[in-house]
Each structure stands twice: as C-alpha cells, then as structure tokens.
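Observations on the three-dimensional arrangement
Residue-level listing of the chains:
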Amino acid sequence: MTIRVLVAEDQSAVRAGLVLILGSAPDIEVVGEAGDGERAVELARALRPDLVLMDVQMPRMDGVTATRVVVAEGLADVLVLTTFDLDEYVFGALRAGASGFLLKDTEAKDLLTAVRTVGRGEGLIAPAVTRRLIAEFAAPRRPVADSSVLDVLTPREREVLSALGLGLSNAEIAVRLDMAEATVKTHVSKVLGKLELRSRVQAAVLAQELGV
C-alpha cells in the first residue's frame, strides 16, 4: 500500500529535505507541498492524502489550527513536526487530534518509520517518548474526566484502552492481550469511536487521567 503524504512546512529548504527523504521510499508518495497552514488545509481538502506532515509554527494559519481543521473534517491523519519536544505547540496539536509528533532533527530512517506507523493507523510512534509525553500532557488537565465515560466499553475494550495508556503499539498490545493484531486494530477503532476521541494519543491521555 502506498502512503500518500502532504508536507506542510514554511521553510522551503526544510520542506525540500523532507520531500526528498519521503520520495526515496517506494511505499510513500508526496502528493503535495504547503508553505503555510491555510494552504495545507486547502490541499488536504483537494488531495485527501493519507497523512499530513505538519509543522506547528507556520504563517497565515499555525499548524495547531490547521491540524484541528484537518482532523475535524476527517481529511487525513496528522503527524506534527516541532523543534522542541514537549512544548505547548505539541500539546495543542495533540489536543487538536494529531496522531503523533516528530522532532525536526529526526533521522531520515526514523521519519520514514514514523510515517509508515501512522499510515497503518498507529499514532504512538516512540513508546518511551510517548509515555513521558502522556504524563506531561495529562498532568495539568484537571478536573479529570468522569470515569463513568468508560461505561460504554466492554471489558476487552477497557483492557485495550489500558494498554494504549502505556504507550503500546498494536503489535505490543496483541502480545500483551493474546489476540491477533488485526483484532487489536478493530478494538482501538471501537474505543476511539465510543469515547468520541480523535486519536490514540487522546485515548492514552484519558487512560492516564482515569488510572485505567
């Protein structure tokens, strides 16, 4: 399966580098480039890519706002790019529904791995980083959600939510809960749908908040 990617980055040299790296992979196709948030949203609506690689700091419309629009309209998954890990831009992008984040100095091979990971529906890219991010992201959000929101989940779905809270990938959840990876993916989709969440990261944060 070819992953169709839209690259949104205001620095032309950085954007060109990202396009070059992505274009070197046989299973990834760059379908468009945007230099600001407004253009990113326009192209996402027109091209319907699988994934938008989104810089968080851009002119006209910042990446957080653009992410919120792209996710709300169901145009694509969003993988945000940032210069700093765990800054407020990242928190804002994740609250807006981004599937994950990458630092701009990420190695080429790790960029490709991240795009493939999000492309197959998994938003938790680096478990070690994600666990730290979840802890930081969840900490200031008080009051926490009411645990009754979980009443809509089956016992198995609660187990999957708990695993998401640990920052586990679908493959890791499959091993932990002794089920097929495809089944895990189905459960994750159901959890997100029932809890009206936009991404795995949001599910992980909720699991942390509620101590699931």
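Residues numbered from 1 in each chain as written. Predicted model: local features only at pLDDT ≥ 70, side-chain atom pairs only at ≥ 80, totals over all residues. Heavy atoms only, no water.

**Description of the overall build of the chain**
- Of the regular secondary structure elements, the chain holds 10 helices and 5 strands.
- When each of the 212 residues of the chain is scored for burial, the buried share is 49%.
- For the chain, contacts bridging at least 24 residues in sequence account for 69% of all contacts bridging at least 6.
- For the chain, the accessible area works out to roughly 9600 Å², and carbon and sulfur atoms hold 51% of it. (Helix = DSSP H or I, 4+ residues; strand = E, 2+ residues; numbered from the N terminus. Buried < 20%, exposed > 50% of the residue type's maximum accessible area, 1.4 Å probe, protein only. Contact = heavy atoms within 4.5 Å. Areas by Shrake-Rupley, 256 points an atom, 1.4 Å probe, with all protein chains shown as cover.)

**Description of the side chain of T67**
- Its location among the elements puts T67 in helix α3 (residues 63–72).
- For T67, a relative accessible area of 0% translates into the label buried.
- Ignoring sequence-local partners within four residues, the contact set of T67 consists of M54, V78, V80, A93, A96, G97 and A98.

**Quick word on the sheet that holds strand β2 (residues 28–34)**
- Taken together, the 5 strands give an open sheet; going across it, the order is β2-β1-β3-β4-β5, and neighbouring strands pair in parallel fashion. Because the sheet does not close on itself, it has two edges, and the strands there are β2 and β5 (100–103). Across this sheet, the average inter-strand angle for adjacent strands is 25 degrees, counted without regard to direction.
- Where strand β3 (residues 51–55) lies against strand β4 (residues 77–82), 5 bridges are found, and the strand directions are parallel. Note on β4: the bridge partner recorded for L53 is L79.
- Along the sheet face, helix α1 (residues 12–23) touches β1 (3–8), β2, β3 and β4 and points at about 165 degrees away from the line of β2. (Pairing = 2+ DSSP bridges. Axes fitted to C-alpha atoms, helices over the stretch in contact; angles between N-to-C directions.)

**Considerations on the packing of helix α2 (residues 37–47) against α3**
- Running from amino to carboxyl end, α2 crosses α3 at an angle of 15 degrees, the nearest separation of the two axes being 9 Å. One finds that α2 runs roughly parallel with respect to α3. The way α2 lies across α3 gives a crossing that is right-handed. Counting all contacts with α2, which are made through G37, V41, A44 and R45, the residues of α3 involved are A66, V69 and V70.
- Split by residue class, the contact of α2 with α3 holds 5 nonpolar, 1 polar and 1 charged. (Parallel < 35°, antiparallel > 145°, perpendicular 65-115°, else oblique. Left-handed = near helix turned anticlockwise from the far one by under 90°. Nonpolar A, V, L, I, M, F, W, Y, C, P; charged D, E, K, R; others polar.)

**Some words on the pairing of β2**
- Here β1 runs beside β2; their pairing, made up of 6 bridges, is parallel. Each residue of the ladder has a partner; that of R4, found in β2, is E29.
- In the classification by handedness, the crossover that spans β1, the intervening α1 and the parallel β2 is right-handed. (Right-handed = clockwise from strand over helix to strand, strands pointing away.)

**Details of the pattern of salt bridges**
- Counted by the stated rule, this structure contains 12 salt bridges.
- For D55, the salt bridge identified is with K104, shortest N-O distance 3.4 Å. Remark: K104 occurs in the loop between β5 and α5 (108–119) and D55 occurs in strand β3; sequence separation between them is 49 residues.
- Its salt-bridge partner being E157, residue K194 comes within 2.9 Å of it at the nearest N-O pair. Separated by 37 residues along the polypeptide, K194 in helix α9 (residues 181–195) and E157 in helix α7 (residues 155–165) bring together distant segments of the chain.
- Looking at K194, the relative accessible area reads 35%, which means it is partly exposed.
- Judged by relative accessible area, E157 falls into the buried class, the value being 2%.
- Here the residues in one salt-bridge network are E9, D55 and K104, joined through shared partners. (Salt bridge = Lys/Arg side-chain N within 4 Å of Asp/Glu carboxyl O.)

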